[in-house]
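Given next are the chains, with one letter for each unit.
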Amino acid sequence: MASGSQIGIGIWGAGWVAGAHAAAYQSTPGCEIVAIGSRRRESAASLASANGLDCRIYTDYADFLSDPDLDAVSICTPNGLHAQNAVDGARAGKHMFIEKPVALTPEDLARMREAVCAAGVVTSVGFVSRGVPLVRRMHEIVQSGALGEIYMIGADYWHSRLGRPDYYKTAEEAGNAYMVGGVHAVDAVRFITGLDITAVCAASTQIGSASAEGYEMHAVDSLLVTYSNGAVGRVSAAIHGHMPYQVNLDILGDRGVIRNERVFTGENAEGDPFTVLGEQGLDSGSVDDHAFPYLMREFVECISTGSQTRVSLENAVNTHEVGFAVDISKRRGEWVPLPLS
C-alpha cells in the first residue's frame, strides 16, 4: 500500500484515456498513483510528466504488478489486451479498473470472470455515462415509477471521431462498432432502467469514408433487442461519418416518456410541451470531459470498504454479451438469445 492509508494506484497503458484516469485519481481522496507502465518507457514517462507525477515507471507488466505499493490497477491498454491484463492482475491480487470493452470474445470474458471470482478483487468498468448528471436524473425518474411500465427503449451512440488509433479499425483489435461506442449507450439504459437485454438481432453496413480511412470492420451496427421485462427496443452505433458526438436515450413507459433532457410524465397535461431537465447531459466525446472522477471515487471507496462497485465486471457482462451477440446474429442472420451459454 502507498504511504499512510492511501491506496496505491498503478496505470498500465499510457495512451489517450490514461491521462483522464490519472487526472481523476489525482482528484480522488484516499489514493495515490505509485506506478505507471507501458510497453514504451517514453510513453509512460511522458504521462507521468504531463500530470506532475513522481512515480515508478515500468515496461514489464509482471514487474509492474510486483510493485510493493501497488493495490489497484487501471487497465488502459488497447482493447485486445484488456482480458489478459485483467486475468494477470486478478491472479496478482490487484483490484482493477478496466477500460471498455473489457473483452472481445466470450471466452476471454469467461476467463476474466473466473480469475476475478477466484481472487475476490474489486472491479470497475469504464462506463462513464453513469456519472453524467442527466443520466443519473433519468435513473431517478424511471426508478420512481413516474414513467410507469417501460415498454420500448431506444439507445444510440454516434461519434465520428477522426484520428482513432489503428487498433480501433479491425475486428480483431476493436470488436465491432457496438463495442467501440454502443456499449456506452446500452450501459446507460441498463443503469437507468435496471433491465437487461435478453435477445439481439443485428445488421451492419460500411461507410465509404470509413473504408477510405482504413476501417476494415463495418462502422455502423444496428440492433433490434428485447429486454428482461418484455420491452422491445433498438440500438445503433455509428463510429464514422459527418456528425457531432451524440448519445440518444429514449425511454417509453405507459405513463410517460424521456427523450434525453426532455421528459413528459403525469405532471404534464395532455397538450403540454415536454419539460426540459436542467442537468448536464452526454454532450462530449472527449475523455477529458468524461465522468471518470465519479467512477474513481466509487472504485477507491469500495476498495476501502471491501465492497463491489455498481459497475463491476460482473455487472458489465450483459452489456458485453450484446456485442458478442451482434457478430453471431450478423453471421447467422437470426435472433440470438442472452445470456450466451
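Residues numbered from 1 in each chain as written. Predicted model: local features only at pLDDT ≥ 70, side-chain atom pairs only at ≥ 80, totals over all residues. Heavy atoms only, no water.

Draft legend 1. Broad picture of the overall build of the chain. Along its length, the chain carries 11 helices and 15 strands. Taking 341 residues into account, the globule formula puts the C-alpha radius of gyration at 20 Å, and the chain, at 20 Å, falls close to it. Seen along its three principal axes, the alpha-carbon backbone of the chain occupies a region of about 60 × 45 × 40 Å. For the chain, the residues scored as buried account for 56% of the 341 residues in total. Across the chain, the fraction of contacts at a sequence separation of at least 24, relative to all contacts at a separation of at least 6, is 72%. Of the accessible surface of the chain, which amounts to about 14,200 Å², a share of 50% is contributed by carbon and sulfur atoms. Measuring between centres, the 25 positive side-chain charges of the chain sit 1 Å from its 40 negative side-chain charges. (Helix = DSSP H or I, 4+ residues; strand = E, 2+ residues; numbered from the N terminus. Rg over C-alpha atoms; globule rule 2.2 N^0.38 Å. Buried < 20%, exposed > 50% of the residue type's maximum accessible area, 1.4 Å probe, protein only. Contact = heavy atoms within 4.5 Å. Areas by Shrake-Rupley, 256 points an atom, 1.4 Å probe, with all protein chains shown as cover. Lys, Arg positive; Asp, Glu negative; His and termini not counted. Charge placed at Lys NZ, Arg CZ, Asp CG, Glu CD.)

Draft legend 2. Main features of empty space enclosed by the protein. Applying the stated rule across the entire model yields 1 cavity of 30 Å³ or more. For the largest cavity, the calculated volume is near 50 Å³. Per-element tally for the lining of the largest cavity: the top contributor is helix H10 (residues 292–305), with 3 residues. (1 Å grid on protein atoms, 1.4 Å probe; cavity = no way out; pocket = protein on both sides within 12 Å on 5 of 7 lines; lining within 4 Å. Points joined across faces, edges and corners; volume = space filled by probe spheres on them.)

Draft legend 3. Here's a closer look at the sheet that holds strand E5 (residues 95–98). Pairing within the open sheet is parallel, and its 6 strands lie in the order E3-E2-E1-E4-E5-E6. Two strands close off the open sheet at either side, each with one partner strand: strand E3 (56–58) and strand E6 (123–125). Each strand axis lies, on average, 20° off the axis of its neighbour in the sheet, ignoring direction. In this structure, strand E1 (residues 7–12) lies alongside strand E2 (residues 31–37), joined through 6 bridges in parallel fashion. Note on E2: the bridge partner recorded for isoleucine 9 is isoleucine 33. Along the sheet, helix H1 (residues 16–26) makes contact with E1, E2, strand E4 (72–75) and E5, crossing E1 at roughly 170°. On top of the sheet, H10 reaches E1, E2, E4, E5 and E6; it is set at about 165° to E5, its chief contact. (Pairing = 2+ DSSP bridges. Axes fitted to C-alpha atoms, helices over the stretch in contact; angles between N-to-C directions.)

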